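Structure at a glance
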Amino acid sequence: MCGIIGRVGDGNALEPLLTGLENLEYRGYDSAGIAVQNGSGIDVQKRSGKVDELKESIGDATLDGKIGIGHTRWSTHGPPTDENAHPHTDGTKDVAVVHNGIIENYVELKSRLAGYGHEFTSDTDTEVIPHLIQFYLDEGLTNEAAFRRAVEELEGSYAVTAMLSGEHVLYAARQGSPLVVGMEDGEYFLASDVPAFLEYTDSVVYLEDGDVVIVDEDGVEFTDLAGNPITRESETVEWDPEQAGKGEYDHFMLKEIHEQPTALAQALEGRIDTTNERIALADFQPGTFEAIENVQFVACGTSYHAALYGSLTLNQAGIHSSALLANEYSVSAPPTDENTLVVAVTQSGETADTLSALRQANEAGATTVTVTNVVGSTAAREADEALFIRAGPEIGVAATKTFSSQAVMLTLLGQRIVGDQHGEPSADLGVLLPELAGMPDALEEMLERSDADAIASRYANSQSYFFIGRGLGFPVALEGALKFKEITYEHAEGFASGELKHGPLALVTPDTPVFAVFTGEEDEKTLKNAAEAQTRGAPVIAVCPAGHRAVDVADAHLEIPETESDLSGLLANVQLQLVSYYAADLLDRSIDKPRNLAKSVTVE
Ligand code: F6R
């Protein structure tokens, strides 16, 4: 979490820095700050609150300089106060630093530096970095050598960018937290993620762990920590700046919900052949998964729900698989060896819990695959293979289109595994592939006709919201509840339909609407479970196709197009995304940046 930006070039750095921070705010929005070189020294402006508040506080003040750094924070060490906001400086204010990650040995470093008279003004781990650089400058090292020496001493994870007074140079290092370089003639950027500078350049280099870069107006020098030159290839990013903007929508979340038809079309492009009933996944030749004896999916949050979806489809096809919370994996991983396939599902590719599970699986000798949206992400690089979901930038903190694209990718991957294990494509492929190909249109039509806004206002101000589903409807119920609580701040829970009667029913009152997802898997049983809640006074909202029996029984319904049971949960999920969105809008919540959360969680 936390977004960092650095910029070197001609003209004032203020605007590109503030634009960068706005585009990175999804990574953290507790506090924000910038520092620029003003000719005689370093000017720092920082404060708690969002980037807008920082902009207001800067007002008409002249912050003039061609080079600068900025930061938007999601607090880990110390509350979101003005003092704890980045950039942090040393006592002399000659060194300014922004950092994303955690410096694990900061307590030792701080007490050592305090012993030399360094005084600290924040509770953060980051503040030791400018002090450490200053310490080595005092020892007589050059700026570059002092930066390298300081970085050598850091333990933990970091993407760090430093600026030293009196020169137009940025120094940056990466270990465990993302950092990408943007390059345009005479203008260079460092940032946690591409959208930070997409309006200025689409030519990028993703840094790797252990990389140190030195950036000035003449270019970028790529080195390892010891200073040896290294080669890093540049890539052209295919996202355009408009994709990263809100367009006609009030919120990124609503825009991203409506982008799902396109996202799914992109995920499927070139990967399914309906005529020959084949699935082509770039690096997986037929037979790749022949020796696999079991499949483990590891993920967190919404990605975990997509992982559960993937795992259930495999189990239903007779392949032994499990979906595991990545943050539990280190204490409870099932037996894992070279015949295990571990699939890390992570839209950002940077979630620390998921990376840690992936590393554990790599060490155990498993075959590993990452399913992600971010090319160049750590998870994509550390797994044996990466499958990209191609959903385009997702800025809203609540994951929407990435869930749908992940679930579709996992369906494709699952079918490839089934094909390899059974020596022939699944018999269902002839039915499934045309339905998959039709998903973008089905979704488009459903989005146009959705009544989710009316349902949201009809049940607004309830005490609690329950979501139930069976089979592939179960992960959808979990995801429906997560989305609802995440952006409305109201109490919501997801259950397997059959579980309702084993305890949660005690909570059911006329003030607990129950959203029941019907995917065509034992729907009669789900209908009975919903009726049990209804008998206790709870309104039931069925999410099902037109003409389904549930429509007559339920108090209200949200219609989904008829499709295969493997896919109808995905359509139901989109209706539930819309209900959460409209309910949060009625409550006037901070939809794109829900309190206490960040898009990418890079701490365990
Ligand atoms: C919820 C949400 C989170 C993420 C989770 C994992 O809307 O977005 O629950 O799904 O933090 O993130 P990734 O997918 O980046 O690993």
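Summarised in this report is the structure supplied together with it. (Residues numbered from 1 in each chain as written. Predicted model: local features only at pLDDT ≥ 70, side-chain atom pairs only at ≥ 80, totals over all residues. Heavy atoms only, no water.)

1. Some points on the pattern of salt bridges
- Applying the stated criterion to the full structure yields 26 salt bridges.
- Across the pair R149 and E152 runs a salt bridge whose closest N-O atoms are separated by 3.4 Å. Taken as a pair, R149 and E152 lie in helix α5 (residues 143-153) at a separation of three residues, close to a single helical turn.
- Overall, the relative accessible area of 31% leaves R149 in the partly exposed class.
- Relative accessible area serves as the criterion here: at 45%, E152 is assigned to the partly exposed category.
- Here K525 and E522 are joined by a salt bridge, their closest N and O atoms 3.4 Å apart. (Salt bridge = Lys/Arg side-chain N within 4 Å of Asp/Glu carboxyl O. Helix = DSSP H or I, 4+ residues; strand = E, 2+ residues; numbered from the N terminus. Buried < 20%, exposed > 50% of the residue type's maximum accessible area, 1.4 Å probe, protein only.)

2. Some words on the site of the ligand
- Around the ligand there are 13 residues in total, and S303, T346, S348, T351 and K483 lie nearest to it.
- Q347 is positioned with one of its backbone polar atoms (N or O) 2.8 Å from an oxygen atom of the ligand.
- Measuring from an oxygen atom of the ligand, one finds a side-chain N or O atom of K483 at 2.8 Å.
- Burial of the ligand by the surrounding chains reaches 91%, relative to a free accessible area of 410 Å².
- Those elements that place two or more of their residues in the shell around the ligand are α8 (301-316) and α16 (473-488).
- Of the residues forming the shell around the ligand, the biggest block, three residues, is contributed by α8.
- Tallied by class, residues from the shell around the ligand come to four nonpolar, seven polar and two charged. (Near = heavy atom within 4 Å. Polar contact = N/O pair within 3.5 Å; in protein donor to acceptor, adjacent residues only side chain to side chain. Areas by Shrake-Rupley, 256 points an atom, 1.4 Å probe, with all protein chains shown as cover. Nonpolar A, V, L, I, M, F, W, Y, C, P; charged D, E, K, R; others polar.)

3. Side note on the packing of helix α12 (residues 401-422) against helix α13 (residues 429-437)
- In contact at an axis separation of 12 Å, α12 and α13 are set at 160° when each is read in the N-to-C sense. In terms of their interaxial angle, α12 and α13 are classed as roughly antiparallel. Both α12 and α13 take part in a crossing whose hand is left-handed. Along its contact with α12, which presents V408, T411, L412 and Q415, the element α13 presents L429, L432 and L436.
- In terms of residue class, the contact of α12 with α13 is made up of five nonpolar, two polar and no charged. (Axes fitted to C-alpha atoms, helices over the stretch in contact; angles between N-to-C directions. Parallel < 35°, antiparallel > 145°, perpendicular 65-115°, else oblique. Left-handed = near helix turned anticlockwise from the far one by under 90°. Contact = heavy atoms within 4.5 Å.)

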